[in-house]
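Tertiary structure, described
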Amino acid sequence: MNPELIIISENQLFEYLSEKERPVMEFDIIKHFMETCEQQTLYVKHFSLYHALYKLKHSAGLKGFYLHLDCMRIRLIRIPDNGLCGFYDPVNGIFCNSHAPSGFCILHENECRNYLNSITYDYLHDFYTDPDNITFGESELLRKLMNGIKVYSCRRRDIDEAIEFFGIGRFSKKSVSDRYRELAGKYHPDIPGGSDEMMKKLNSSYMILKDVFIL
């Protein structure tokens, strides 16, 4: 028997997210809206949530809201008025909002220039808005993705500390590896000013992030 979507009210989802003053985790939203769906698999819950989130992303945009979709940091926030910087900080869940007649302030203009001049395509949008993809098979990749969510729910504090230690906004194999090498060059005990204690913390944080982000 094929799994069915868990229906989440768009209005209730909008109200829930708009009341949050900080980014929230996927796990928290699933717990809030699907507490009674114990018989459903974690993947069905995940897919159903993102199906609802991507639908909300479009309608919220028409109301002047930006919906940032990241399983670790989901955030619904009002888009800045004209004349204010539209750079979004995913870690803190806020827009810059500095004076910016051209859309971005001096601090963020160069950082966003390549983004503004490039063509972007959100392939996840097509995946999650197609309800037939709820039947996505039990592939090895899916197993790893779901395991990452389970690890986070069990080790939330350790993972939050690792994320804060690495101090980067977007997590991927390349970004975490690059940041690891950068921090290792700073903390390695063989380097002047290095620290054996900080190097151990770096390695521990890296191993935690590998379990969650499938590096």
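Higher on the page you've got the structure.
One structure accompanies this document, and this report is about it. Quick caveat, the model's predicted, so the values are computed rather than measured.

The next subject is the packing of aromatic side chains. Across all of its chains, the model carries 14 aromatic pairs by this definition. With centroids separated by 5.2 Å and ring planes inclined at 35°, the aromatic side chains of Tyr-50 and Tyr-128 adopt a geometry described as tilted. With Tyr-50 in helix α3 (residues 42-62) and Tyr-128 in helix α5 (residues 123-129), the pair connects residues that are 78 residues apart, well separated along the chain. For the residue pair Tyr-50 and Tyr-128, the accessibility class agrees, reading buried in each case. Taken together, the ring pairs connect Tyr-43, Phe-47, Tyr-50, Tyr-54, Phe-127 and Tyr-128 into an aromatic cluster.

What follows deals with helix α8 (residues 173-187). Taking 1.5 Å of rise per residue, 15 residues should cover 21 Å, and α8 covers 21 Å from first to last C-alpha, within 8% of that figure. Regarding α8, the residues found buried are Val-176, Ser-177, Arg-179, Leu-183, Ala-184 and Tyr-187. Projected onto a plane normal to the axis of α8, the buried residues spread over an arc of 165° and lie on a single side. In this structure, α8 carries Lys-174, Arg-181 and Glu-182 as exposed residues pointing more than 90 degrees from its buried face.

Here we come to the pattern of salt bridges. Opposite charge on two side chains permits pairing when their charged atoms draw close. Counted by the stated rule, this structure contains four salt bridges. When the shortest N-O distance is used, the salt bridge between Arg-181 and Asp-178 registers 2.4 Å. Here Arg-181 pairs with Asp-178, and both are found in helix α8, just three residues apart, close to one helical turn. Overlapping salt bridges bring together Lys-174, Asp-178 and Arg-181 as one network.

Rules used throughout
Residues numbered from 1 in each chain as written. Predicted model: local features only at pLDDT ≥ 70, side-chain atom pairs only at ≥ 80, totals over all residues. Heavy atoms only, no water. Phe/Tyr/Trp six-rings, centres within 6.5 Å; stacked < 30°, edge-to-face > 60°. Helix = DSSP H or I, 4+ residues; strand = E, 2+ residues; numbered from the N terminus. Buried < 20%, exposed > 50% of the residue type's maximum accessible area, 1.4 Å probe, protein only. Expected span 1.5 Å × (residues − 1). Arc of directions from axis to C-beta. Salt bridge = Lys/Arg side-chain N within 4 Å of Asp/Glu carboxyl O.

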